[in-house]
Amino acid sequence: MTAKHANLDLGLVVRGHGRHYIVEDSDGRRRVCHPRGKKSDCVVGDQVRWAEVSADEGVIEAVEPRRNLLFRQDEWKTKSFAANLDQLLILVAVEPVFSESQLCRALIAAESAGIAATIALNKTDLPGADAARARLQPYRDMGLTVMELALKADPVASRARLAPWLQGKRSFVLGPSGTGKSTLINLLIPDAQAQVGDISQALNSGRHTTTTTQWYWMDADRESALIDSPGFQEFGLKQIEPAQLPLLMPDLRAHAGDCRFYNCTHQHEPGCGVRAALEAGQISASRYRIYGEILQELSSKRW
Ligand SMILES: Nc1nc2c(ncn2[C@@H]2O[C@H](COP(=O)(O)OP(=O)(O)OP(=O)(O)O)[C@@H](O)[C@H]2O)c(=O)[nH]1
Ligand SMILES: [Mg+2]
Ligand SMILES: [Zn+2]
């Protein structure tokens, strides 16, 4: 931010629609704002300096420096999720059966952005719950919290489990389509009216029920916030240097110091501490396999 905008009001970006943003001012009033030029490209969660253009329209003059930014980088494009977050809730479900690769990717993106992540398993009322729990055991072993939810089937217990964790924080809800992100928002914020989709319809059409990222306050004092987001399919991590990758996976990182070579890729090198830990059952086979897949992706040239 440049000093010349310092006298302008500060606003919070609560929603983005292409090149238009909804900005909330310090009184809680929301208005459509257009960015001035490329420099004011912003994302939900950004603090912006804005000026009034008309009664219900404004222009964004500058974006304040960000505390953090959660994003993914696919082959050709970067997709920003949100900025200035306190914590991330990665929501997976018993159905649709979650991709462990996507779960790993979301965790790596959070670790790389310096944002604390917690996993929640929804729809534990469904028959596949035990299998899903077993697939999440390596994450519990890594020290992550795995919250069990049944947002629709047991809203009272789910709410009691979530509410203390969300209190006073700005939390981003991330997860594949159909896991119950909007159901969660509606449960905690009764007037949110986030659209909830019929899962079979959403999956068959390949469309997501939620199409934009949106900020919801949980309380009148505007201290706790939940951010709903569209489900994702792709989750590229091209922003990460291959050598950084094992350092962003806590279970691999714990053993990377035992490798004979300082630049060990934990693939074929002799004296590899990570592979020794894999053989000793201290690293899960699926996490190690996913590490190899992402590493290959990051190491392949784009041209
Ligand atoms: N069986 C079961 N179904 C649930 C539960 N919670 C949510 N659902 C259903 O899951 C479906 C998808 O819920 P949504 O909240 O729209 O999912 P979403 O994650 O917001 O999906 P996108 O917006 O497409 O990313 C809906 O039909 C919900 O009713 C639960 O605890 N058990
Ligand atoms: Mg949704
Ligand atoms: Zn190694």
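Since the structure is predicted, the reported quantities are computational estimates derived from the model, not experimental observations.

Criteria and cut-off values
- Residues numbered from 1 in each chain as written.
- Chains lettered and ligands numbered in written order.
- Predicted model: local features only at pLDDT ≥ 70, side-chain atom pairs only at ≥ 80, totals over all residues.
- Heavy atoms only, no water.
- Helix = DSSP H or I, 4+ residues; strand = E, 2+ residues; numbered from the N terminus.
- Rg over C-alpha atoms; globule rule 2.2 N^0.38 Å.
- Buried < 20%, exposed > 50% of the residue type's maximum accessible area, 1.4 Å probe, protein only.
- Contact = heavy atoms within 4.5 Å.
- Lys, Arg positive; Asp, Glu negative; His and termini not counted.
- Charge placed at Lys NZ, Arg CZ, Asp CG, Glu CD.
- Salt bridge = Lys/Arg side-chain N within 4 Å of Asp/Glu carboxyl O.
- Domains from an automatic or database assignment.
- Polar contact = N/O pair within 3.5 Å; in protein donor to acceptor, adjacent residues only side chain to side chain.
- Donors = N, O, S within 2.8 Å, 3.2 Å for Na, K, Ca; no water.
- Tetrahedral: all angles 85-135°; square planar, octahedral: opposite > 155°, others 65-115°.
- Axes fitted to C-alpha atoms, helices over the stretch in contact; angles between N-to-C directions.
- Parallel < 35°, antiparallel > 145°, perpendicular 65-115°, else oblique.
- Nonpolar A, V, L, I, M, F, W, Y, C, P; charged D, E, K, R; others polar.

A.B. asks: Help me get a handle on the overall build of the chain, residues and values and all.
C.D. replies: What the chain contains, in helices and strands, is eight helices and 13 strands. A compact globule built from 303 residues should have a C-alpha radius of gyration of about 19 Å, and the chain, at 21 Å, falls within 12% of that. With respect to the principal axes defined by its C-alpha atoms, the chain has extents near 65 × 45 × 35 Å. Within the chain, buried positions represent 50% of all 303 residues. Restricting the contact set of the chain to residue pairs at least 6 apart, pairs at least 24 apart contribute 64%. Counting 36 positive and 36 negative side-chain charges, the chain places the centres of these two groups 4 Å from one another.

A.B. asks: Can you break down the pattern of salt bridges residue by residue, with the values?
C.D. replies: One pass over the structure, following the stated rule, counts 18 salt bridges. Residues Arg140 and Glu148 are paired through a salt bridge, measuring 3.6 Å at the closest nitrogen-oxygen approach. Beyond isolated ion pairs, a larger network of salt bridges with shared partners links Asp130, Arg133, Arg140 and Glu148.

A.B. asks: Which residues make up the domain arrangement of the chain, and what values do they have?
C.D. replies: Frequently, the measure chosen for interface size is the accessible area that the parts lose on association. In terms of domain boundaries, the chain breaks down into domain 1 (3-63), domain 2 (69-228) and domain 3 (242-299). On a C-alpha basis, the centres of domain 1 and domain 3 stand 43 Å from each other.

A.B. asks: With reference to specific residues and values, describe the side chain of Gln87.
C.D. replies: Checked against the element boundaries, Gln87 lands in strand β8 (residues 87-93). In this structure the side chain of Gln87 is engaged in a polar contact, spanning 2.9 Å, whose partner is the side chain of Ser171. Discounting residues that sit within four places of it in the chain, Gln87 has contacts with Ile115, Ala116, Trp165, Leu166, Lys169, Arg170, Ser171 and Phe172.

A.B. asks: How would you summarise the coordination of the zinc ion (ligand 3) if you had to cite specific residues and measurements?
C.D. replies: Listed as protein donors to the zinc ion (ligand 3) are Cys259 (SG), Cys264 (SG), His266 (ND1) and Cys272 (SG); their distances from the metal cover 2.1 to 2.4 Å. The coordination sphere of the zinc ion (ligand 3) comprises four donor atoms, whose angles at the metal cover 101 to 115°; the geometry is tetrahedral. The sequence pattern formed by the donor residues of the zinc ion (ligand 3) is C-x4-C-x1-H-x5-C. Of the two residues, Cys259 is situated in the loop between α6 (250-256) and α7 (273-279) and Cys272 in the loop between α6 and α7; the sequence distance between them amounts to 13 residues. For the pair Cys259 and Cys272, a shared accessibility class is recorded, and that class is buried.

A.B. asks: Could you give me a rundown of the packing of helix α3 (residues 155-166) against helix α4 (residues 181-188), with the residues and numbers involved?
C.D. replies: Viewed as axis vectors pointing N to C, α3 and α4 meet at an angle of 80°, and their least axial separation amounts to 10 Å. The orientation of α3 relative to α4 falls into the category roughly perpendicular. The segment α3 lies against α4, with Pro155, Ser158, Arg159, Leu162, Ala163 and Leu166 engaging Leu184, Leu187 and Leu188. Residues that form the contact of α3 with α4 fall into these classes: seven nonpolar, one polar and one charged.

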